[in-house]
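Residue-level listing of the chains:
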Amino acid sequence: MPEKNAPITMKDIARKFGVSVATVSRALKGNPRISEKRRNEIVEYAKSHNFSPNLMAESLRGGKTMKIIGVIIPQFTHFYFSSILSGIEDEALRCGYRLMVAQSDEDYLREVNTCRSFCENKVCGIIVAQAKGTMRYDHFQQLIDNNMPLVFYDRICTGVNASRVTVDDYTGAFSAVEYMIKTGCRKIAFYGSSMKLEISKNRYNGWHDALLKHGINPDDCPTMLCDNREDAERITPAVLQSDNRPDAFFAINDDTAIGIMYTAKRMGLRVPDDVSVCGFTNGQRAVACDPMLTTVEQNGYEVGRLSADILISKVEGRTPVDKVVKRIVRTKLIVRGTTKKI
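Everything in this summary refers to the structure shown in the same document. Note that the structure is predicted; figures quoted are calculated from it, not measured.

The rules behind these values
- Residues numbered from 1 in each chain as written.
- Predicted model: local features only at pLDDT ≥ 70, side-chain atom pairs only at ≥ 80, totals over all residues.
- Heavy atoms only, no water.
- Helix = DSSP H or I, 4+ residues; strand = E, 2+ residues; numbered from the N terminus.
- Lys, Arg positive; Asp, Glu negative; His and termini not counted.
- Charge placed at Lys NZ, Arg CZ, Asp CG, Glu CD.
- Axes fitted to C-alpha atoms, helices over the stretch in contact; angles between N-to-C directions.
- Parallel < 35°, antiparallel > 145°, perpendicular 65-115°, else oblique.
- Contact = heavy atoms within 4.5 Å.
- Nonpolar A, V, L, I, M, F, W, Y, C, P; charged D, E, K, R; others polar.
- Pairing = 2+ DSSP bridges.
- Expected span 1.5 Å × (residues − 1).
- Buried < 20%, exposed > 50% of the residue type's maximum accessible area, 1.4 Å probe, protein only.
- Phe/Tyr/Trp six-rings, centres within 6.5 Å; stacked < 30°, edge-to-face > 60°.
- Lys NZ or Arg CZ within 6 Å of the ring centre and 35° of its normal.
- Salt bridge = Lys/Arg side-chain N within 4 Å of Asp/Glu carboxyl O.

## Details of the overall build of the protein
Then, number 1: Along the protein, the regular secondary structure elements total 12 helices and 12 strands.
Then, number 2: Across its three principal directions, the C-alpha atoms of the protein cover 80 × 40 × 30 Å.
Then, number 3: In the protein, 48 positive and 40 negative side-chain charges are present, and the distance between their average locations comes to 6 Å.

Here's what the structure looks like:
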């Protein structure tokens, strides 16, 4: 059974009372075929354990599908996530669906409550990128157990077996680092997120393997836990003043890369003559900085479009709800002014 105060499923209720799921369903609807005593027991137990019915299944049995898709965005302010949302929305509208969108703000409890709220508001499926603060996955497993169509994008949850759309993070990082090596860089620092996130692992591995391929020991290159501009501007001065000063940086996203670049310039270093910088996103800020940023194109719009396509296929029965569908969107290195030319 789920832990105390966690939502439960019809299966859990059926197991508690030693009856079938169909009996639980009838009892919750007040069906007179179930004795009043048993109905009351089941209803009270469901209420006390935060039960939320599988609204999608109910609507399908009634011959109607609620054409609202729930979407959870980690942060609205990120260009990449807003471009994904655009892809989701365009595909959803094309197929006659509307969106209900919420921001987790990288918070686990907020993510849990949003999933619950979506179910209560009768969404027909959920598209989500895992929050950085999420270390437990009961709320996602709950959706799967209730046959709620679920698709992860970008930040996938390895704790549950669900459909997902990701970009080729490893190849994108490998290509970027290899390019900088070919321009003469030999000590390339890595700025990344927590290794609990798959995207950070994959981009780190791409950085690592590119160095090894070209005979560079990764242990000789600085690695920093840093994935935003503020932290990059705070820690980069010490990195550039150290005896192990890098001649290039590969950052997990554009904002971090831009923080590195402006810090280097404030310290009197020339970009890219003295230090090269490469990001990962290719958002609007990449072309608004000086010099313009070399970065890896993620194609967020296509990530969003594919995520919606997979979810809608499940909602409409063309793909079984429990079938795990995986799609990978290719990346592309966009060379601009923060790296040298080959």
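## With respect to the packing of helix H2 (residues 21–28) against helix H3 (residues 36–48)
For any two helices packed against each other, one specifies the crossing angle of their axes together with the interaxial distance.
Then, number 1: Following both chains from N to C, one finds H2 and H3 inclined at 90°, their axes separated by 9 Å at the closest point. Viewed along their axes, H2 and H3 adopt a mutual orientation that is roughly perpendicular. Facing Val24, Ala27 and Leu28 of H2, the residues of H3 in contact are Arg39, Ile42, Val43 and Ala46.
Then, number 2: The residue makeup of the contact of H2 with H3, split by class, is 6 nonpolar, no polar and 1 charged.

## Details of the sheet that holds strand S7 (residues 223–225)
Then, number 1: One open sheet holds the 6 strands; their spatial order is S7-S6-S8-S9-S10-S12, and the pairing between them is mixed. Two strands close off the open sheet at either side, each with one partner strand: S7 and strand S12 (332–334). In this sheet, neighbouring strand axes are inclined to one another by 20° on average, regardless of whether the strands run parallel or antiparallel.
Then, number 2: Examined bridge by bridge, strand S6 (residues 188–192) and strand S8 (residues 248–251) share 4 bridges and lie parallel to one another. What sits directly across from Phe190, in S8, is Phe250.
Then, number 3: In the packing of helix H10 (residues 229–241) onto the sheet, contacts are made with S6, S7 and S8, and the angle to S6 comes to roughly 155°.
Then, number 4: Where helix H11 (residues 254–266) meets the sheet, its contacts fall on S6, S8, strand S9 (276–281) and strand S10 (294–297), and the angle it forms with S9 comes to roughly 160°.

## Observations regarding helix H8 (residues 169–182)
Along an α-helix, residues three or four positions apart point the same way, because every turn accommodates 3.6 residues.
Then, number 1: The end-to-end C-alpha distance of H8, which contains 14 residues, comes to 20 Å, matching closely the 20 Å that a straight helix rising 1.5 Å per residue would cover.
Then, number 2: A large share of H8 lies buried, amounting to 10 of its 14 residues.
Then, number 3: For H8, the complete set of buried residues consists of Asp169, Gly172, Ala173, Phe174, Ala176, Val177, Glu178, Tyr179, Met180 and Ile181.
Then, number 4: Where H8 terminates, the next one or two residues include Gly184, which has phi positive at roughly 110°.

## Looking at the packing of aromatic side chains
The geometry of two aromatic rings is summed up by the distance between their centres and the angle between their planes.
Then, number 1: Applying the stated criterion to the full structure yields 11 aromatic pairs.
Then, number 2: An angle of 70° between the planes, with centres 6.3 Å apart, marks the rings of Phe250 and Phe280 as edge-to-face. On the criterion of sequence distance, the pair formed by Phe250 in strand S8 and Phe280 in strand S9 is long-range, its members being 30 residues apart.
Then, number 3: Taking relative accessible area as the criterion, Phe250 reaches 0% and is therefore assigned buried.
Then, number 4: The ring of Tyr97 is capped by Lys67, whose NZ or CZ atom sits 4.7 Å from the centre of that ring.

## Some remarks on the pattern of salt bridges
Then, number 1: Evaluated as defined, the whole model comprises 18 salt bridges.
Then, number 2: A salt bridge links Arg234 to Asp231; the shortest N-O distance between them is 3.3 Å. Of this pair, Arg234 and Asp231 both sit in helix H10, 3 residues apart, roughly one helical turn.
Then, number 3: Between Arg285 and Asp255 there is a salt bridge, with its nearest N and O atoms 2.9 Å apart. Highlighted residues: Arg285 in the loop between S9 and S10 and Asp255 in helix H11, separated in sequence by 30 residues.
Then, number 4: For Arg285, a relative accessible area of 45% puts it in the partly exposed group.

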